[in-house]
Amino acid sequence: MSIRLRLALWYGSTTALIVALVALLGWGAYVRGQYRLLDQVLLLSANHVAAGWRAAGNSYVLEADLSELEVAFRLYGPGGQLKRTSRQAPVLPLTDPIRALAQPPVPQRLWGVLPWWEEASMTPKGVTFGLIEAEGVRWRTLVRSLERDGEVLGYLEALTPLGNLDRSVRRLGLLLVALIVLSVLGVLGLSLALAAIGLRPIDRLNQAAQQIARSRDLSRRVEGSAGADELSRLATTFNQMLASLQEADSAQKRFVADASHELRAPLAAIQGNLELLRRYPHMPDAEREKTLQMAEREVVRLSRLVNDLLTLARNDAGLPLRESLVDLKAVAQEALTEARYLLKGQRLEAQSLEEGWVLGERDHLKQLVLILLDNAIKYTPEGGVVRLALQVQPKWICLTVSDTGIGIPAEDLPHIFERFYRADPARSRNKGGSGLGLSIARWIIEQHRGEVQVDSQAGKGTTVVVRLPLQPRPQFARRPA
């Protein structure tokens, strides 16, 4: 079932319930008032006749035709026997006035549902109401005693037909039912129209999504309606989502293209060296060894590139780290030992290495230090200096790697953490890098809730400062000697 139809049914059902309830209450109040008014007419007529009878022994009302007053009267003797009726009174079943007055009055209900005239507490003393039926017509009756000086002289019964009022009540009920049905149908139709108008922006969103899905064109946007309602905000959010998807798709395409380009170079070198060995099986040993070394170097480069790509893939997948308390000083010392094998005439110095603990994954922290040291060594010429320092601050532990290398131009600093980005031809592939190291370093820093700052001047050197949240020293850790 569509949302449009469901909204229309909800509105229609709610409206039907409210209209039916209001109509029923209004109809019941109207009907009750009409029957109570008729009871008041009977009571006033009976009191008028009783007053005349007590004063003069007769009443002119008894001589009036039923067609004039719509009220008939019957006089009973003290024993309950019928003595006289008003003129043209119809033949109706007789009432036992003594028994009627002796029984407590029973509240009447319209068609057994709605109370339609007074409860017993509202009936005057010495008066009772009732109902009789003759030839399919209901008659409302009132019986009262006629007393003088405390002596019962007889009983007076007033009667009036209910046929006209009953028919009016039924017609009014049928009219209300018809109005309720017509109102509900009108509300349903209006609800469908309003729902169609209100959901039109959603239809546009749906059509746009279908067209984008078919064409795979993420550059398309949805036309939002003016205003600040929920549907306008939904269209804005949908466009923002499309922009984010387009950006992610473009980044993915660039990454695939760059990765393919990076993988092509070592694969081409390996293929060329293997082809050379196959074509010249009797190559001199020195040249064969040189060719094998070149192929081996490219294999190492390819392996490192694949590992870097796997690390970034883990970043994109959002896989969490296996965190534990790590002694960053010990990690830095291990990284220094391994980084010394990368030196080619540069000098590697360890400045103050203060003890500090961080929450993270030891292998990735070591990889972070190695990336920063390796990057500094690559772009520091022979005779230059690379320095590593650890300083503990109140809330942070600062890892600083500085060099006296070629530096980074100011315009390239905002992009150095982008994948496969190289600042200038001097920082090219002949340095052995893949362009992924600093991207991995930034991911490791972010995973450890840290910050990074890079200061560099072209031709003078670069300083990288990494701040990681400092953790309390664990109880089991030994203090350095």
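In every chain, residue numbers begin from 1 and rise along the written sequence. With pLDDT at 70 or above as the cut-off, local features in this predicted model cover only qualifying residues; side-chain atom pairs require 80 or more to be listed or tallied, and sums for whole chains, interfaces and linings still use all residues. Side-chain numbers here rest on the full set of heavy atoms in the structure, without hydrogens or water.

## Some details on the nonpolar core
Now for step 1: Core analysis: the largest hydrophobic core is formed by 41 residues, its most contacted members being L372, L373, L388 and V466.
Now for step 2: Within the residue set of this core, elements represented by two or more residues are helix 7 (285-317), helix 8 (328-339), strand 9 (347-353), helix 9 (362-378), strand 11 (385-392), strand 12 (396-403), helix 10 (437-447) and strand 14 (461-469).
Now for step 3: Segments assigned H or I by DSSP are reported as helices when at least four residues long, segments assigned E as strands when at least two residues long, and all are numbered from the N terminus. With 8 residues, the single largest contributor to this core is helix 9.
Now for step 4: Working rule for contacts: check all heavy atoms of both residues, and any pair within 4.5 Å makes them a contact. Look past the residues within four positions of L372 in its chain and what remains in contact with it is L399, V401, L438, V464 and V466.
Now for step 5: Definition used in this section: a nonpolar core is a set of buried Ala, Val, Leu, Ile, Met, Phe, Trp, Tyr and Cys residues joined via side-chain atoms within 4.5 Å. Between buried and exposed lies partly exposed: a residue is buried under 20% and exposed over 50% of the maximum accessible area for its type, with that area taken using a 1.4 Å probe on protein chains only. In this structure, W27, L42, A46 and L142 belong to the second largest nonpolar core, which totals 22 residues.

## Quick notes on unusual backbone geometry
Now for step 1: Positioned with a positive phi, E135 is a non-glycine residue whose angle comes to about 55 degrees.
Now for step 2: Residue placement: E135 occurs in the loop between strand 5 (127-134) and strand 6 (137-148).
Now for step 3: Judged by its relative accessible area of 83%, E135 falls in the exposed class.
Now for step 4: Here the phi dihedral of R449 falls at roughly 55 degrees; this positive angle occurs in a residue that is not glycine.
Now for step 5: Structurally, R449 is set in the loop between helix 10 and strand 13 (451-457).

## Quick word on the confidence of the model for the chain
Now for step 1: Known as pLDDT, the predictor's confidence for each residue is given on a scale from 0 to 100. Here the chain averages 80 in pLDDT, and 83% of its residues register 70 or above.
Now for step 2: Overall, residues 111-121 carries pLDDT values under 50, and its contacts beyond four positions in sequence, including any with other chains, amount to 29 contacts.
Now for step 3: Here residues 425-430 scores under 50 on pLDDT; set against residues more than four positions off or in separate chains, the count is 15 contacts.

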